[in-house]
Amino acid sequence: MTDIVPIRRALLSVSDKTGLVELGQALAAKGVDLVSTGGTAKALRDAGLPVRDISDLTGFPEMMDGRVKTLHPKVHGGLLAVRDNPEHVAAMDAHDIGAIDLVVVNLYPFVQTVAKGADRDEVIENIDIGGPSMVRSAAKNHAHVAIVTDPADYALVAGGETTLAQRRKFAAKAYALTASYDAAISQWFSKVDQQELFAPVRVMGSTLVSELRYGENPHQKAALYLPNGPHVRGLAEAVQVQGKELSYNNYNDADAALELVAEFRDGPPTVVIVKHANPCGVATGATLVEAYEAALQCDSVSAFGGIIAVNRPLDGPTAEAISGIFTEVVAAPDADDAAKAVFAKKKNLRLLLTGALPDPARPGLTTRIIAGGVLVQERDNGEVTREMLKVVTKRAPTEQELKDCLFAWTVAKHTKSNAIVYARDGVTAGIGAGQMNRRDSSRIAAMKAKEAAETYGWAAPRTVGSAVASDAFFPFPDGLLAAAEAGATAVIQPGGSIRDADVIAAADEAGLAMVFTGMRHFRH
């Protein structure tokens with residue numbers, strides 16, 4: 001197996017012409033025989049470079065609107081021949097097949113064609129056949145042939161020769177490209193033709209963005225990938241204005257904050273504070289700074305070292321307020337110069353600008369790895385509207401209680417089960433998350449509200465006169481009664497327990513108004 005292989009003949013066939021002419025000039029200067037196809041050949045000729053058409057190599061014209069041009073033994077023989085195998089060399093001589101030492105290919109823009117909403121015929125025409133075939137042939141024979149699929153690698157072959165180490169890396173990259181390309185095509189066919197949510201074989205591709213400092217813990221390695229093909233713009237493509245590199249936990253927590261604040265993207269100024277992927281304070285207000293201060297008061301202890309997301313461009317006064325305590329990450333659609341200047345003084349604080357917030361109602365699938373398998377489900381985009389609520393108690397909720405119920409319900413949707421959320425006037429009063437029973441979540445949330453009242457000198461906790469949301473039904477009256485003891489006057493829950501009648505009777509006895517949603521929001 002030869003280490004250094006000189007490039008005597010190169011076959012270039014690219015859809016993306018970035019860097020093509022410069023590469024052609026460099027190779028031509030080294031005396032490399034350039035062979036090309038269609039538009040690629042024209043671009044090289046227009047630059048004054050000598051180039052042979054693929055039909056000159058094969059002795060066969062391009063045909064069928066370019067569908068058939070490189071699928072020929074003189075192409076694939078030149079790519080697949082093992083140069084130090086006497087039988088292969090003899091076959092090349094017998095059939096006048098010339099060796100090809102470098103293939104430069106990128107594929108028809110299938111993903112981009114789908115993304116722009118093209119019709120079926122145009123999408124089909126952008127399924128590349130010859131390109132992937134050449135890529136795979138060259139990659140298989142990487143001992144002798146270099147396959148370059150990324151313009152970022154052009155400089156590595158511009159010198160007119162390649163090393164075995166380079167060719168191995170090129171081959172790995174090439175197979176990743178064809179695998180991802182075929183995955184995108186498979187997904188499109190499953191969605192458009194089969195109308196399948198869960199295809200019999202699930203394939204997907206993604207591209208490495210960066211390796212992270214570490215995973216959930218320092219002994220774990222981690223990386224960030226970006227899905228290939230159409231996807232929702234979010235944290236992976238956010239602009240980091242300042243601050244040190246983000247960790248795995250930073251991304252995970254910031255995503256939880258962003259998904260929750262996106263629920264209010266069309267609402268009033270809203271601030272979400274998250275710690276360990278759970279909200280510890282959510283508030284709306286007349287201004288962002290007012291909303292931040294109210295959210296912080298819900299649980300200022302947990303907010304230390306937390307993640308903040310806002311639904312409006314960040315302004316200077318809000319940035320000043322946030323700077324009052326240690327904060328890991330702030331995510332916002334945008335930020336004005338005053339806000340950036342404030343945060344510039346906090347060198348470790350990361351400011352992420354996401355642009356438009358994601359649509360909380362968007363479809364999609366989520367995955368989770370388990371031992372020996374992968375769990376896939378639709379993302380929880382369920383929305384409860386006022387019209388869906390069913391009053392089940394003797395007393396119906398007031399208008400304000402209904403608003404508080406729906407606000408608390410939205411926050412509970414993004415809180416780990418078992419989740420209990422108290423809210424009043426568009427502000428969380430107490431949040432109980434991730435407990436093994438709902439009664440304890442109720443008590444923890446009430447305890448946090450009591451601590452907040454003591455900290456800020458309020459006459460009573462904000463749970464007094466609040467609405468309380470439960471992400472799933474109350475299996476027993478005890479959790480509901482704990483909420484009543486904390487001062488809640490209205491309850492929103494899915495219903496559906498075999499003991500609903502007992503829970504409703506307890507609510508009536510306590511004078512509570514209660515509505516059923518018919519939908520639960522378990523979050524594990």
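First things first, this report covers the structure right here in the doc. If you're wondering where the values come from, they're calculated on a predicted model, not measured in any experiment.

## A look at the overall build of the protein chain
- In terms of helices and strands, the protein chain carries 19 helices and 23 strands.
- For a compact globule of 524 residues, the expected C-alpha radius of gyration is about 24 Å, and the protein chain comes in at 30 Å, more than 25% above that figure.
- Oriented by its inertia axes, the alpha-carbon framework of the protein chain measures out at about 95 × 50 × 40 Å.
- Across the 524 residues that make up the protein chain, the buried fraction comes to 48%.
- Approximately 24,600 Å² of the protein chain is accessible, and the part contributed by carbon and sulfur atoms is 54%.

## Comments concerning the packing of helix α1 (residues 20–29) against helix α2 (residues 38–46)
- Packing of α1 against α2 brings their axes to within 10 Å, and their N-to-C directions diverge by 65°. Considering the angle they form, α1 stands roughly perpendicular to α2. In the packing of α1 onto α2, the handedness of the crossing is right-handed. Across the interface between the two elements, Leu 20, Val 21 and Gly 24 from α1 touch Thr 40, Ala 43 and Leu 44 from α2.
- Residues belonging to the contact of α1 with α2 are distributed by class as follows: 4 nonpolar, 2 polar and no charged.

## Thoughts on the side chain of Ser 323
- With respect to the helices and strands, Ser 323 occurs in the loop between α14 (316–322) and β14 (327–332).
- Relative accessible area serves as the criterion here: at 15%, Ser 323 is assigned to the buried category.
- Apart from residues no more than four positions distant in its own chain, Ser 323 is found in contact with Val 342, Phe 343 and Lys 346.

## Some words on the nonpolar core
- Ranked by internal contacts, the top residues of the largest apolar core, which has 45 residues, are Ala 10, Leu 79, Leu 102, Val 103, Val 104, Phe 110 and Ile 147.
- Counting residues per element, this core draws most heavily on helix α10 (residues 164–192), at 7 residues.
- With near-sequence residues (within four places) excluded, Ile 147 lies in contact with Val 103, Val 135, Ala 138, Ala 139, Phe 170, Ala 171 and Ala 174.
- Within the second largest apolar cluster, 43 residues are counted, among which are Tyr 251, Phe 264, Ala 423 and Ala 490.

## Here's the deal with the packing of aromatic side chains
- Inspection of every chain in the model, using the stated rule, returns 6 aromatic pairs.
- With a centroid separation of 6.3 Å and an interplanar angle of 65°, the aromatic rings of Phe 110 and Tyr 181 are classed as edge-to-face. Taken together, the positions of Phe 110 in helix α6 (residues 110–115) and Tyr 181 in helix α10 put the pair 71 residues apart, joining distant regions of the chain. For the residue pair Phe 110 and Tyr 181, the accessibility class agrees, reading buried in each case.
- Aromatic ring contacts, followed pair by pair, group Phe 110, Tyr 181, Trp 188 and Phe 189 into a single cluster.

## Notes on the side chain of Lys 413
- Of note, Lys 413 is situated in helix α16 (residues 399–413).
- Looking at Lys 413, the relative accessible area reads 5%, which means it is buried.
- A polar side-chain atom of Lys 413 sits 2.9 Å from a polar atom in the side chain of Glu 263.
- Leaving out residues up to four positions away in the same chain, Lys 413 has contacts with Glu 263, Asp 380, Asn 381, Gly 382, His 521 and Arg 523.

## Description of the pattern of salt bridges
- Here the structure, examined in full by the defined rule, presents 19 salt bridges.
- A salt bridge links Arg 9 to Asp 33, with the nearest nitrogen and oxygen atoms 3.1 Å apart. Here Arg 9 is found in strand β2 (residues 9–14), whereas its partner Asp 33 is found in strand β3 (residues 33–36), with 24 residues between them in sequence.
- Exposure remark for Asp 33: the relative accessible area of 24% places this residue in the partly exposed category.
- Notably, a salt bridge pairs Lys 116 with Glu 122, separated by 2.8 Å at the nearest N-O pair.
- By relative accessible area, Lys 116 is classed as exposed at 58%.
- Using a relative accessible area of 31% as the deciding quantity, one classes Glu 122 as partly exposed.

## Some points on the sheet that holds strand β4 (residues 52–53)
- Taken in spatial order, the 5 strands of this open sheet run β4-β3-β2-β5-β6, and their pairing is parallel. Two strands bound the open sheet, and with one partner strand each, they are β4 and β6 (146–148).
- Strand direction decides the pairing type here: β2 and strand β5 (residues 102–106), joined by 5 bridges, are parallel. Across the sheet, the residue bridging to Ala 10 is Leu 102, located in β5.
- On top of the sheet, helix α8 (residues 130–140) reaches β2, β5 and β6; it is set at about 145° to β5, its chief contact.

Rules behind the numbers
- Residues numbered from 1 in each chain as written.
- Predicted model: local features only at pLDDT ≥ 70, side-chain atom pairs only at ≥ 80, totals over all residues.
- Heavy atoms only, no water.
- Helix = DSSP H or I, 4+ residues; strand = E, 2+ residues; numbered from the N terminus.
- Rg over C-alpha atoms; globule rule 2.2 N^0.38 Å.
- Buried < 20%, exposed > 50% of the residue type's maximum accessible area, 1.4 Å probe, protein only.
- Areas by Shrake-Rupley, 256 points an atom, 1.4 Å probe, with all protein chains shown as cover.
- Axes fitted to C-alpha atoms, helices over the stretch in contact; angles between N-to-C directions.
- Parallel < 35°, antiparallel > 145°, perpendicular 65-115°, else oblique.
- Left-handed = near helix turned anticlockwise from the far one by under 90°.
- Contact = heavy atoms within 4.5 Å.
- Nonpolar A, V, L, I, M, F, W, Y, C, P; charged D, E, K, R; others polar.
- Core = buried A, V, L, I, M, F, W, Y, C linked by side-chain atoms within 4.5 Å.
- Phe/Tyr/Trp six-rings, centres within 6.5 Å; stacked < 30°, edge-to-face > 60°.
- Polar contact = N/O pair within 3.5 Å; in protein donor to acceptor, adjacent residues only side chain to side chain.
- Salt bridge = Lys/Arg side-chain N within 4 Å of Asp/Glu carboxyl O.
- Pairing = 2+ DSSP bridges.

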